[in-house]
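Letter by letter, the chains look like this.
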Amino acid sequence: MARVSSGGAASSSMASTLKAYSIPLIMFLAAMFFQILVIPNSFPPNHYDVLGIKRYSTVEEVAQAYEKFSSKWNSGTEVPETNNFLKIRYAFELLTDPLWKRDYDIFFIDEQISAFENVKKQYSGVSFSGINLPLLNAASSDPGDYAFNVITSNDFHSVLEKTEPLLIQIYSFGSNSSRQFFNSWKRIVGCSFRIFLNLLTDGATLLEGVANTGMVELGDARLATYLAEKKPTGQPFFRNGLPSLVAFPPGCRTSDCLVRYEGELSVDAVTDWFATAILNLPRIPYYSKESLHLKGQGFLAKSSPWKVKVIVFSRTGQRATPFLRQAAKNYWAHASLAFILWQEEDSSFWWNTFEVESAPAIVFLKDPGVKPVVYHGFFNNSWFLNVMEQNKQQELPQLRSVTSMELGCDARGYSRAGYDTMTWYCVILAGRQSLELNKMREMVQEILSNAGELNGADYQQPSEPSAIARKDKRLTFTWLDGEAQKQYCFFYIHSEDSYDTCGPRRDVVDVPQLFIVRYKRNATLDNLKVERRPKGIWNPFQEEDVDPASQLVARYNGSGEIPEIIKWISQIIKDGDSRDLPFFRTKTPQLVPEDGDPIWSKGAESILHSSKGLKRRIRSIIIGIYDHLGDPRIGPMLLLGSLMSFASIWLKRSQATTHQSQSDQPSQPSNMVEDQKTKRNRRKTVSSQDRHQPTSITDMEPKDAYQMPLSDSDSD
């Protein structure tokens, strides 16, 4: 039984020892793992080691080292294995090319390794004498053939100071991959370009008007190192080789916030990444003929009724260029854009629907019943902007918060004729979205398009007051959504039947109404500055701010005949210009913004940027951990940490054993210890009491007494 108990105690002691030293043991094993497995894989023998020379040796030293091997092979004293011969020959060819050697020495770029692997497969099992030399074909070309808009260290800061985002390609004259990507780079930024990737002679590019671009060659080591990634050891490198694309988003002025492209090096992929991740521009989706007209969910159904629908027909199927996406963002309040992939089997359908003959083409769909506006052929950026500006409004534009000032239908603004015009008019058709409203809109559009009836026999010399006012830009026609703008609608149509026109639909009755507003400004009141004090308890009835222009409203109650409407409008304008009507000013309700903020608005943009930033940070942490796994300092640090941990644990356990052995020795009786403690405490108490008691004459020697020194007279 004693033996069993002693064995159990020994095993328990061993288990406790292992548990105590588990952390330093794990750290020691991790250090050995790093030193034996991880570090050799992270730092394989370089090409200088293959030749048996030191790192960064000159081209002459590389050639001399290779000559030593070659003399042995030629003399027959040594017959190399095919694999060793290929490694030595590859190192020689790589390190004797000045551009390849420069890229390898500074950035450890060895993009010829794929060609070397193919050579190894090709000559597997073949004697070294049967290998065709050279192994690598050095690409010889004029650097000026594929380098333009090159940025150097001297002008980099001036380029970075510009407000536009910046896209930079980092390349090397000795890189075959950079040379192959050059044609794609030209199509992105470098040469004449059409919207649909067809060359044009106007100098337009995919990123024209939205970003600055440039190229940096590895020969500018200072700038290339600044743009490169850094290993934990400080070694600059390019994770995905060359060419490498980096972008500085708007407002970014340092390398800490630059974004690196890591996708496929194609025109479509690069431009989509830059437009989406850097410029935060919306994508323009493609639709088929079914999804375009899908009831309730198609593009035409989902687009707001007051917006112009812009449909772009493309033959390529590639994504919209950043410029088109920027235009879609700028004209968000006026138009919605969609793409259609042109297919010949659907040509008859598109002709019957929009009168589109072939692609590329652009179609503008405006008001109901209005013929689509179609443009065929290729186009450039400036032409597209002009066309968008001309067609951004419907034939009968809607009165909204973003268009009221532009249309001249706002008492806080001015006429379209300019600031000097004091009297102007706005004809408004109000009603809920319905067939009746669409019919009335078509009727008003017919009035606008029928220049003969509205302007008289001669447009240059109009006779009707309405025609004169329209020619002078003092008369505007528009329509109002009575349900969305119910307060504004009730403000102008305040009658018993106003609920048939304004506000939510109560029954099946929808009655659109036509009215005209005369705006008049008073130059004297405009120039007069009225001092307004903040409201308080003593002036609660102070008049609120009113609109600077007076308003008089007249409703049309006649027939639906166009001549009658024109006559009524002309009479209103004649009376408004000639008669001395009351000058009545009031506060007009604000127009409600009818379109929600798009996904790229400021609020959503901040959310998107924060989410992108979070993903980017998580990804950078993962990449950082991966990069640090190859740090040669980790193994020695783990080994040092394990030794220090082992020493500290051993010291603590030794001290604990010493205290335990001392406690096991026989001690004095407890009563003697207690007596000693009692006496010690009594002495402390008495001494503390004596310290606070006054001296007495019965004391043998008072506490505060001292010996007075004797003078000379006393001593005598």
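Conventions and cut-offs
Residues numbered from 1 in each chain as written. Predicted model: local features only at pLDDT ≥ 70, side-chain atom pairs only at ≥ 80, totals over all residues. Heavy atoms only, no water. Buried < 20%, exposed > 50% of the residue type's maximum accessible area, 1.4 Å probe, protein only. Helix = DSSP H or I, 4+ residues; strand = E, 2+ residues; numbered from the N terminus. Pairing = 2+ DSSP bridges. Expected span 1.5 Å × (residues − 1). Contact = heavy atoms within 4.5 Å. Axes fitted to C-alpha atoms, helices over the stretch in contact; angles between N-to-C directions. Salt bridge = Lys/Arg side-chain N within 4 Å of Asp/Glu carboxyl O. Core = buried A, V, L, I, M, F, W, Y, C linked by side-chain atoms within 4.5 Å. Parallel < 35°, antiparallel > 145°, perpendicular 65-115°, else oblique. Left-handed = near helix turned anticlockwise from the far one by under 90°. Nonpolar A, V, L, I, M, F, W, Y, C, P; charged D, E, K, R; others polar. Polar contact = N/O pair within 3.5 Å; in protein donor to acceptor, adjacent residues only side chain to side chain.

Colleague: Explanation requested: the pairing of strand β5 (residues 244-248) in the structure shown.
Modeller: Regular strands show a simple pattern: their side chains alternate between the two faces of the sheet. The buried fraction of β5 is high, at five of five residues. Where burial is concerned, the two faces of β5 agree: the one with Ser244, Val246 and Phe248 and the one with Leu245 and Ala247 are both buried. Both β5 and strand β6 (residues 259-260) contribute to a ladder of two bridges, which runs antiparallel. When the bridges of β6 are listed, Val246 appears paired with Arg260.

Colleague: Would you take a moment to explain helix α18 (residues 435-449) for this structure?
Modeller: Note that an α-helix has 3.6 residues per turn; residues three or four places apart therefore point the same way. With 15 residues, α18 should cover 21 Å at 1.5 Å per step; its first-to-last C-alpha distance of 21 Å lies within 8% of that length. Taken residue by residue, α18 has Leu437, Arg441, Met443, Val444, Gln445, Ile447 and Leu448 as its buried positions.

Colleague: I keep staring at unusual backbone geometry and nothing clicks. Help me out?
Modeller: Glycine aside, the phi torsion of most residues is negative, and most peptide linkages are trans. The omega torsion of the bond from Leu133 to Pro134 falls at 0°, within 30 degrees of zero and hence cis. Locating Pro134 in the fold gives a position in the loop between α7 (113-122) and α8 (156-160). Omega for the peptide link from Leu242 to Pro243 comes to -5°, which places this bond in the cis form. Its place among the elements puts Pro243 in the loop between β4 (236-237) and β5. With a phi angle near 55°, Asn149 is a residue other than glycine that sits in the positive phi range. As for its placement among the helices and strands, Asn149 is situated in the loop between α7 and α8. Asn149 gets classed as partly exposed once you look at its relative accessible area, which sits at 44%. In this structure, Asn280 is a non-glycine residue whose phi angle is positive, near 55°. Here Asn280 lies in the loop between α11 (267-278) and β7 (286-287).

Colleague: Can you help me understand the sheet that holds β6 in this one?
Modeller: Paired through their backbone hydrogen bonds, the strands of a sheet run either parallel or antiparallel. Read from one edge of the open sheet, four strands run β2-β1-β5-β6, paired in mixed fashion. Single-partner strands in this sheet number two, and they are β2 (212-217) and β6. Sitting on the sheet, α11 is in contact with β1 (166-171), β5 and β6, with an inclination near 25° to β5.

Colleague: It is not clear to me how the pattern of salt bridges should be interpreted in this structure. Could you clarify?
Modeller: Opposite charge on two side chains permits them to pair, given that their charged atoms come into close proximity. Within the structure shown, the criterion is met by 21 salt bridges. Between Lys101 and Asp105 there is a salt bridge, with the nearest N and O atoms lying 2.8 Å from each other. On the criterion of helical spacing, the pair formed by Lys101 and Asp105 is a turn pair, its members being four residues apart in helix α6 (residues 98-107). The same class applies to Lys101 and to Asp105, which are both buried. Across the pair Asp367 and Arg441 runs a salt bridge whose closest N-O atoms are separated by 3.5 Å. Linking Asp367 in the loop between β10 (361-365) and β11 (373-376) with Arg441 in helix α18, this pair joins segments that are 74 residues apart in sequence. Among the charged side chains, a network of salt bridges with common partners joins Asp268, Asp272, Arg283, Arg319 and Arg325.

Colleague: How do you make sense of the nonpolar core when you look at a structure like this?
Modeller: Within the largest apolar cluster, 24 residues are counted, with the highest numbers of intra-cluster contacts made by Leu51, Val62, Phe85, Leu86 and Leu135. Broken down by secondary-structure element, the contributors of at least two residues to this core are α3 (47-51), α4 (59-75), α5 (82-96), α6 and α7. With eight residues, the top contributor of residues to this core is α5. The residues contacting Phe85, other than those within four sequence positions of it, are Tyr66, Trp73, Pro80, Phe128, Ile131 and Leu133.

Colleague: Would you mind going over the packing of α4 against α5 with me for this structure?
Modeller: Where α4 contacts α5, the two axes come as close as 9 Å, and the packing angle between them is 155°. The angle between α4 and α5 places the two elements in the roughly antiparallel class. Between α4 and α5 lies a crossing of left-handed hand. Across from Val59, Val62, Ala63, Tyr66, Phe69 and Trp73 in α4, the residues of α5 making contact are Phe85, Ile88, Arg89, Phe92, Leu95 and Thr96. A breakdown of the residues in the contact of α4 with α5 according to their chemical character gives 10 nonpolar, one polar and one charged.

Colleague: When you look at α6 in this model, what are you seeing that I'm missing?
Modeller: Where α6 is concerned, the buried positions are Trp100, Lys101, Asp103, Tyr104, Asp105 and Phe107. The inward-facing, buried residues of α6 contact α3, α4, α5, α10 (221-227) and β4. With a side-chain oxygen positioned 3.1 Å from the backbone nitrogen of Leu99, the residue opening α6 is Asp97. Downstream of α6 by a residue or two, Phe108 has a phi angle that is positive, lying close to 55°.

Colleague: Is there a simple way to explain the side chain of Gln513 in this structure?
Modeller: Relative to the helices and strands, Gln513 is located in strand β14 (residues 513-521). For Gln513, a relative accessible area of 8% corresponds to the buried category. Among the polar contacts made by the side chain of Gln513, one reaches the side chain of Thr501 at a distance of 3.1 Å. Residue contacts for Gln513: discarding those within four places in its chain leaves Ile428, Leu429, Ala430, Ile493, Asp497, Thr501 and Arg555.

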